[in-house]
Amino acid sequence: MSDNQLAVDVVRGEMQPWSDYEGKRGAVQGPVLRALLDDVLPSGARTLIVGPHSADLIEVVVAKSAKATMLVRSVSDANSLAERFGDDLQVIAGALDGMEPAAFEVVVAADGLDRVLGYDSDDLNWSARLDALAAVASPSAVVVLGLENEFSLTNLLDRRLPQDRHADDDWRPLHDDPTRPVSADQLLAELSRVGFAGAHAYAAFSAKDAVLTLLASDTAAATRPGELPARLALEALETAAVAVPLLAPIAEGATAAARAGLLASTAPSWLALTTTPARHPIYAQTSGHTTVLTADTAAAGWSITTDQRELGAAAGEEADFAAARAASGDAPAAAAPVVFDLGAVPGSVPGGITVETQLLRFAAAEDVPGFRALAARLGEWARAQDSARLVLRWDDVVVDGDGFAAGVSPWVTAGDESAVDVLAAAWWRFHDRLIGGHRRHPWPPWMVGDDLVSAWLGMSGVEAPAPVAATKPETPPASGAQVARGKELAEALASALGIPADASQTPDVRTALADAERAQQEVFELKGQIFGLERTLGFRDKALKTRENRLREMRLQVQKVNAERARLRSSRAFAAVTVVRKVATIRNPRKFAGKLKRRLKRIVRNRLG
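Counting starts from 1 at the beginning of each chain's written sequence and moves along it residue by residue. This being a predicted model, a pLDDT of at least 70 is required before a residue's local features are given, and a value of 80 or more before pairs of side-chain atoms are given or counted; all residues contribute to the totals for chains, interfaces and linings. Side-chain calculation: all heavy atoms of the structure are included, whereas hydrogens and water are not.

Novice: Tell me about the overall build of the chain, residues and numbers included.
Specialist: Put simply, DSSP marks the helices as runs of H or I at least four residues long and the strands as runs of E at least two long, and each gets a number from the N terminus on. Each helix and strand counted, the chain has 20 helices and 17 strands in total. Taking all 609 residues of the chain together, the buried fraction comes to 47%. Long-range pairs, those at least 24 residues apart, make up 75% of the contacts in the chain with a sequence separation of at least 6. Calculation of accessible area relied on Shrake-Rupley with a 1.4 Å probe; when residues are assessed, cover is drawn exclusively from the protein chains displayed. Carbon together with sulfur atoms contributes 54% to the accessible area of the chain, which is approximately 30,100 Å² in total. Burial classification: accessible surface area is computed with a 1.4 Å probe over protein chains only, and a residue below 20% of its type maximum counts as buried, one above 50% as exposed, and the rest as partly exposed. Between two residues, a contact is recorded if the distance between any of their heavy atoms is within 4.5 Å.

Novice: I'd like a description of the packing of aromatic side chains, backed by residues and values.
Specialist: Ring pairs are drawn from Phe, Tyr and Trp, using the six-membered ring of Trp, whenever the two centres fall within 6.5 Å, and their geometry is named by plane angle: stacked under 30 degrees, edge-to-face over 60, tilted for the rest. In total, this model carries 12 aromatic pairs according to the counting rule given. Consider the rings of Phe 371 and Trp 443, whose centres lie 5.0 Å apart with planes at 70°: the pair is edge-to-face. Of this pair, Phe 371 sits in helix H14 (residues 368-383) while Trp 443 sits in the loop between helix H15 (419-436) and helix H16 (450-459), and the two are 72 residues apart along the sequence. Both rings, one in Trp 394 and one in Trp 427, keep their centres 5.5 Å apart while their planes meet at 70°; by these two values the pair is edge-to-face. Taken together, the residues Trp 394 in the loop between H14 and strand S15 (398-400) and Trp 427 in helix H15 connect sequence positions 33 residues apart. Of the residues examined, Trp 394 reaches a relative accessible area of 1% and is grouped as buried. Of the aromatic side chains, those joined through ring pairs into one cluster are Phe 371, Trp 394, Trp 427, Phe 430, Trp 443 and Trp 456. The criterion for a charge sitting over a ring is simple: Lys NZ or Arg CZ within 6 Å of the ring centre, and within 35 degrees of the ring normal. One cation-aromatic arrangement involves Arg 46 over Phe 104; the distance from NZ or CZ to the ring centre is 4.6 Å. The aromatic ring of Phe 85 is capped on one face by Arg 84, whose charged end is 5.7 Å from the ring centroid.

Novice: If you had to explain the confidence of the model for the chain to someone new, which residues and values would you point to?
Specialist: A score between 0 and 100, pLDDT records how confident the predictor is in each residue. Per-residue confidence for the chain averages 85 on the pLDDT scale, and 89% of its residues sit at or above 70. Taken as a whole, residues 1-6 scores under 50 in pLDDT and shows 5 contacts with residues more than four places along the chain or in a different chain. Below pLDDT 50 for its whole length, residues 310-334 participates in 48 contacts with residues either more than four positions away or in separate chains.

Novice: Tell me what's going on with the layout of surface pockets, and back it up with residues and numbers.
Specialist: The space that makes up the largest pocket amounts to roughly 960 Å³. Two kinds of site are reported from a 1 Å grid over the protein atoms alone, namely cavities, where a 1.4 Å probe fits but cannot get out, and pockets, open sets with protein on both sides within 12 Å along at least five of seven lines, and residues are called lining when an atom falls within 4 Å of a point. Around the largest pocket, the lining comprises 40 residues; the ones closest to its centre are Arg 25, Glu 148, Ser 206, Lys 208 and Asp 209. Counting residues per element, the ones that place at least two in the lining of the largest pocket are strand S6 (137-148), helix H6 (153-156), strand S7 (200-207), strand S8 (210-216) and strand S9 (269-273). Class assignment of the residues belonging to the lining of the largest pocket gives a composition of 16 nonpolar, 10 polar and 14 charged. Grid points are joined across faces, edges and corners, and a volume is the space filled by probe spheres set on the points. When residues are grouped by polarity, Ala, Val, Leu, Ile, Met, Phe, Trp, Tyr, Cys and Pro land in nonpolar, Asp, Glu, Lys and Arg in charged, and all others, Gly among them, in polar.

Novice: If you had to explain the nonpolar core to someone new, which residues and values would you point to?
Specialist: With 69 residues, the main nonpolar core has Leu 133, Leu 145, Phe 205 and Ile 304 as its most contacted residues. Broken down by element, the residue count for this core peaks at 9 residues, all from helix H10 (residues 228-241). Residues from two domains meet in this core; each of domain 1 (3-285) and domain 2 (349-507) gives at least three. If sequence neighbours within four positions are ignored, Phe 205 has contacts with Val 211, Leu 212, Thr 213, Leu 215, Ala 233, Ala 236, Leu 237, Leu 263, Ala 267 and Pro 268. Throughout this description, the term nonpolar core refers to a set of buried Ala, Val, Leu, Ile, Met, Phe, Trp, Tyr and Cys residues connected via side-chain atoms within 4.5 Å. How far each domain reaches was decided by an automatic or database domain assignment.

Novice: So what about empty space enclosed by the protein? Which residues, and what values?
Specialist: All told, the structure shown has 4 cavities of 30 Å³ or more when counted by the stated rule. Taken as a whole, the largest cavity encloses approximately 100 Å³ of empty space. Lining the largest cavity are 15 residues; nearest its centre among them are Glu 235, Thr 286, Ser 287, Val 408 and Pro 410. At the level of elements, H10 and strand S10 (282-285) are the ones that each hand at least two residues to the lining of the largest cavity.

Novice: Please give an account of the pattern of salt bridges that cites residues and values.
Specialist: Salt bridges are counted wherever a side-chain nitrogen of Lys or Arg sits within 4 Å of a carboxyl oxygen of Asp or Glu. All told, the structure shown has 25 salt bridges when counted by the stated rule. Between Asp 111 and Arg 25 there is a salt bridge; the shortest N-O distance is 3.6 Å. Of this pair, Asp 111 sits in the loop between strand S5 (104-109) and helix H5 (126-135) while Arg 25 sits in the loop between strand S1 (8-10) and helix H2 (31-40), and the two are 86 residues apart along the sequence. We classify Asp 111 as buried; its relative accessible area is 11%.

Novice: Lay out the environment of Ser 138 with the relevant residues and their values.
Specialist: By the element assignment, Ser 138 lies in strand S6. Taking the C-alpha atoms as reference points, Ser 138 and Ala 102, 36 residues apart in sequence, are found 7.4 Å from one another.

Novice: Help me get a handle on the environment of Asp 88, residues and values and all.
Specialist: Structurally, the position occupied by Asp 88 is in the loop between helix H4 (75-85) and strand S4 (89-93). Beyond its immediate sequence surroundings of up to four residues, Asp 88 is in contact with Val 62 and Ala 68.

Novice: How would you explain the packing of helix H13 (residues 355-364) against H14 if you had to name every residue and give the values?
Specialist: The description of two helices packed together rests on the angle between their axes and the distance between the axes. Note on method: axes are straight lines fitted to C-alpha atoms, helices fitted across the in-contact stretch only, with angles between N-to-C directions ranging 0 to 180 degrees. Two elements in contact, H13 and H14, have axes whose closest approach is 9 Å; the angle formed by their N-to-C orientations is 155°. Of the possible angle classes, the one that applies to H13 and H14 is roughly antiparallel. Residues Val 355, Gln 358, Leu 359, Phe 362 and Ala 363 of H13 pack against Gly 370, Phe 371, Leu 374 and Leu 378 of H14. Here the residues of the contact of H13 with H14 sort into 7 nonpolar, 2 polar and no charged. For classification purposes, an angle smaller than 35 degrees is called roughly parallel, one larger than 145 roughly antiparallel, one from 65 to 115 roughly perpendicular, and anything else oblique.

Novice: I'd like a rundown of unusual backbone geometry, residues and numbers included.
Specialist: Of note, the amide linkage connecting Gln 16 to Pro 17 takes the cis form, showing an omega dihedral of 0°. As for its position among the elements, Pro 17 is in the loop between S1 and H2. The phi dihedral of Lys 208 falls on the positive side, at around 55°, and the residue is not glycine. By the element assignment, Lys 208 lies in the loop between S7 and S8. Phi is positive for His 438, which is not a glycine, with a value near 55°. Within the element layout of this structure, His 438 appears in the loop between H15 and H16.

Printed below as a string of structure tokens:
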């Protein structure tokens, strides 16, 4: 054996060749989960990590523990972990049911209990696995246990076939196990059954293997569409939708779940904590960055704190959040006109709904006066800001009574921008989310793009540009020049966030069918136009043929008349008529007769010699 192999303990159920870090599912990870573990794990305890966890999470556990042990079923994974962490981490290769009873004071199983059995393990259901987990923990242990939700929105809307959703990395799939909890309450009840009473749960919203947002169950159940917890959860779900092919837009389902108070029930997974009270009801990763923000309830809304954590090189060894962004085709915006500024995040956020939520309600109700009044107030508020560097997002700006307040978005412009361009960027993003999401609105279908954004800018108090004379077919309209910079800022923001603002960039089946139906309608209309043009061309062709025949007949008639005229001019009658016509012009016949007589005599005399 090698030195690395000698550092690994082996129990029954080890698997090789196998890897839980390189399969279709990677190790659970993310700065959000790291922040939570840093908050809830006690210091100086004997800790057991069960299942695949990323290196950045292991580092936190090792730093908080007096002695850390990790159980993975893959021998190759165990060797890699032992080589990486050395004496700081005792690594065991094998199955959970192969371990001897112990009394660990902390047990971290954030990946859940789906990947803890091996080839030689008994066919244990989920409850039996939990019993095996409880057997290695002390009665007062702090347990962090994850559970995948089969009723999640991402799972319900996944358009892939069931056999294509899960690879063989689960080894013994529990997706139809009747003992498996299917709600956060059932998960807490199972923990209470094995002696871990007083537990509480978080609803976890993830993209691939990275947890992006954690909401306390009661917070997720109480939030409503447009409020801060619902918005952070929706943003995480939209990030997950970049990498998961869906049947329908996930934003609509998430909004409906939040309206019904079922957002926690439809989360991708849950995370249960025992003994240790929750420190913050909200943990969330800022989109496009590793900074974690936490929120606590305050008198007028939410108190916000931020924590910019360095993940180190460990984050690059597993599939992480960047993989979801790469799947969408969005490249990191290194030289983009928007940059990350942690100082832009306010210390508190009102508890109201976002401006976008209110605008969408006005648009769906076709309440143009209400929409116009809100747009006018937004324009006044945006122009009154001390700095125009904050990239406004109507899905982040919060309605605060008669005014507005900036949300938790930390993205600002790289340089100074005019208030008109910042407003145009906000309206462009709203345009993409309204039109790209096929939402109901009162504006005609041909009034999209620059014209519609320019109209909204006019509602916000921005003077409309003077019309531009079209000197050539490709002359851009005046509205295009007015909103061009705002469009660039909106596109740069979408690229930085890693979430396409336009749903058509990551089309689900329903959107694709709607686009296909709209394209079919356009084809039908174009066919009608083509038929009309062909009919008009046919009528004109017949008219041209009639004119051609008439011209041919007239040409033959002219030729016939010319021939008769030539024949007439060469006849004796024409000559006589000519002479008579000339004679008729003589004014003095006597004088003419005398001259003619003298001329005739001269001619006769000349001939006679």
